[in-house]
Every structure is written in structure tokens, then in C-alpha cells.
Amino acid sequence: EPEVTQTPSHQVTQMGQEVILRCVPISNHLYFYWYRQILGQKVEFLVSFYNNEISEKSEIFDDQFSVERPDGSNFTLKIRSTKLEDSAMYFCASSAVADTYGYTFGSGTRLTVV
Amino acid sequence: GNSVTQMEGPVTLSEEAFLTINCTYTATGYPSLFWYVQYPGEGLQLLLKATKADDKGSNKGFEATYRKETTSFHLEKGSVQVSDSAVYFCALSDRGGATNKLIFGTGTLLAVQP
């Protein structure tokens, strides 16, 4: 069964450093998403991406965040200058259609900012 | 705005016990409702869904009924197994923005003991 692959599974970084979280969506999917879950809190929507541009972003997705699909297969989330409060599990998802029925999630990247 | 509230865990049960995980929602309009499951070390997987009032979603012995009058979507299973141990997330589809995105509850950890 097709999978969404996220790397790394766990990343530790120092406060102020840039991090890039990587995702390989399912190959025929067109819509891409990032969600995050701070430990013990809700899974929250960050951003959606379609046709090489951001479709929608949440209030969390400020200027420190950016997304890119650099080569037609990877979908990346960059945090320019990490803060302690960015520590969370980050989930990538993709879907073939715009509806939420067709989501496939990756297994997540646990980001720890120290 | 739209939101989901689910019972806090952990829920610890013996094998073959009856499971209920409560979920209530607040939404404008008529969202679709979902239960996602996350097994240890894996991504979020769609367990079941319901798209309109009185619909019952079911999968792998789990079921949940979309109750508009009580704004609830409680997850039930008649006889749990050790392999059901996981985190369960209730979610709704939010069609308010440019993208159909998911709004999640905090998740409920289920631990089933042999």
C-alpha cells in the first residue's frame, strides 16, 4: 500500500538553528499538508499546498515557517530559527483530491529544540 | 470556531472488555466526522468516518454514529484486543477556509491488557 514517508523520525536541534523536515508524498497525490502535535495537545493544521503554492495556512504558520516542493517528489517544511515551543511531532499528509477523506499521513518527525 | 473534545486517557482495559471513547464537537454547518488511530511508531490511519447525521461508520469491529442532536461521535467496540492498543483521535472536516482541513481532538491512549 502506498505510504507517505517522513525523515528523519527524530531530530534534535539547538534553539535558533534552521531545520528542514522532509516528506515524500504518495506519487499521484496533488495536495500536501503539514500538521503538528505538541506533546499532550491537539494535532493542529499548519499549511496546505497545491499546484506549487500555499493554499491555506494557520496562524501558527508565521514567517519562520516555509514549505517547498523542490523536485516534484519531496515536500519540505523549513523552520528558519527554531524556538523551544517548536518542539512537537510534525505530520505530513497528502491526498489525491481536495477532500479530507483521502488523506494519507506519514509517521511523523519528532522535533526537539534544546 | 470549530473544535473537537474527546475524553482524556489513558483508558486501560482488559482484553474482551467493551470500549467507549467519547467525542463531542462544535461546528457550524455539517462537517464530516472521523476517527483516526495511531499505533506505536506509525502514522495516523483513518479508522472510520461518517459524513452526515445518523450515519454509522464502522471498521475492524469499531463503530461510531454521527449524532447531530448531541453533537457527538463516540467510538465503541464490543470486545477489545491487545492489538487495539493505540492512540485514538477524533476529528472533523473544516470546510471554512480554502482547503478542507482536519480539526483534531487531543487523542486518547488506549492500553489493552491480556
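Reading the values: the criteria
- Residues numbered from 1 in each chain as written.
- Chains lettered and ligands numbered in written order.
- Predicted model: local features only at pLDDT ≥ 70, side-chain atom pairs only at ≥ 80, totals over all residues.
- Heavy atoms only, no water.
- Helix = DSSP H or I, 4+ residues; strand = E, 2+ residues; numbered from the N terminus.
- Buried < 20%, exposed > 50% of the residue type's maximum accessible area, 1.4 Å probe, protein only.
- Contact = heavy atoms within 4.5 Å.
- Areas by Shrake-Rupley, 256 points an atom, 1.4 Å probe, with all protein chains shown as cover.
- Lys, Arg positive; Asp, Glu negative; His and termini not counted.
- Charge placed at Lys NZ, Arg CZ, Asp CG, Glu CD.
- Pairing = 2+ DSSP bridges.
- Disulfide = S-S within 2.5 Å.
- Salt bridge = Lys/Arg side-chain N within 4 Å of Asp/Glu carboxyl O.
- Axes fitted to C-alpha atoms, helices over the stretch in contact; angles between N-to-C directions.

Peer 1: Outline the overall build of chain A, supporting the account with residue identities and numerical values.
Peer 2: Across its full length, chain A holds zero helices and eleven strands. C-alpha extents for chain A along the principal axes are approximately 35 × 25 × 25 Å. Buried residues in chain A amount to 47% of all 114 residues. The contacts in chain A between residues at least 6 apart in sequence include a share of 54% that link residues at least 24 apart. Total accessible area on chain A is roughly 5,700 Å²; 46% of this is exposed by carbon and sulfur atoms. Considering chain A, the positive charge centre built from 9 side chains and the negative charge centre built from 14 side chains are found 4 Å apart.

Peer 1: A description of the pairing of strand β6 (residues 44-50) of chain B should follow, citing residues and the corresponding values.
Peer 2: All names here are of chain B. Looking at chain direction, strand β5 (residues 33-38) and β6 are connected through six bridges and run antiparallel. What sits directly across from Phe34, in β6, is Lys49. Joining the antiparallel neighbours β5 and β6 is a turn of five residues, in which Gly41 adopts a positive phi near 75°.

Peer 1: Which residues make up the state of the cysteines, and what are the values?
Peer 2: Residue and element names in this part refer to chain A. Here the structure, examined in full by the defined rule, presents two disulfides over all chains. Paired through a disulfide, Cys23 and Cys92 show a sulfur-sulfur distance of 2.0 Å. Given an S-S torsion of about -65°, the disulfide between Cys23 and Cys92 has left-handed geometry. Of this pair, Cys23 sits in strand β3 (residues 19-24) while Cys92 sits in strand β9 (residues 88-95), placing them 69 residues apart in sequence.

Peer 1: Which residues make up the pattern of salt bridges, and what values go with them?
Peer 2: Using the criterion set out here, one finds five salt bridges over all chains in the structure. Between A:Glu56 and B:Lys101 there is a salt bridge, with the nearest N and O atoms lying 2.7 Å from each other. Of this pair, A:Glu56 sits in strand β6 (residues 53-57) while B:Lys101 sits in strand β11 (residues 101-104), which puts the two residues in different chains. The exposure class assigned to A:Glu56 is buried, which follows from its relative accessible area of 15%. The class of B:Lys101 is buried, set by a relative accessible area of 12%. In this structure, B:Glu63 and B:Lys56 form a salt bridge, with 3.6 Å as the shortest nitrogen-oxygen distance.

Peer 1: Quick one: what's the story with the sheet that holds strand β7 (residues 65-68) of chain A, residue by residue and with numbers?
Peer 2: All names here are of chain A. Read from one edge to the other, the open sheet built from four strands follows the order β1-β3-β8-β7, with strand pairing classed as antiparallel. The open sheet has two edge strands with one neighbour each: β1 (5-7) and β7. Shown here is a sheet whose adjacent strand axes are inclined to one another by a mean of 20°, direction ignored. Looking at chain direction, β3 and strand β8 (residues 75-79) are connected through five bridges and run antiparallel. Among the inter-strand pairings, Val19 is bridged to a residue of β8, identified as Ile79.

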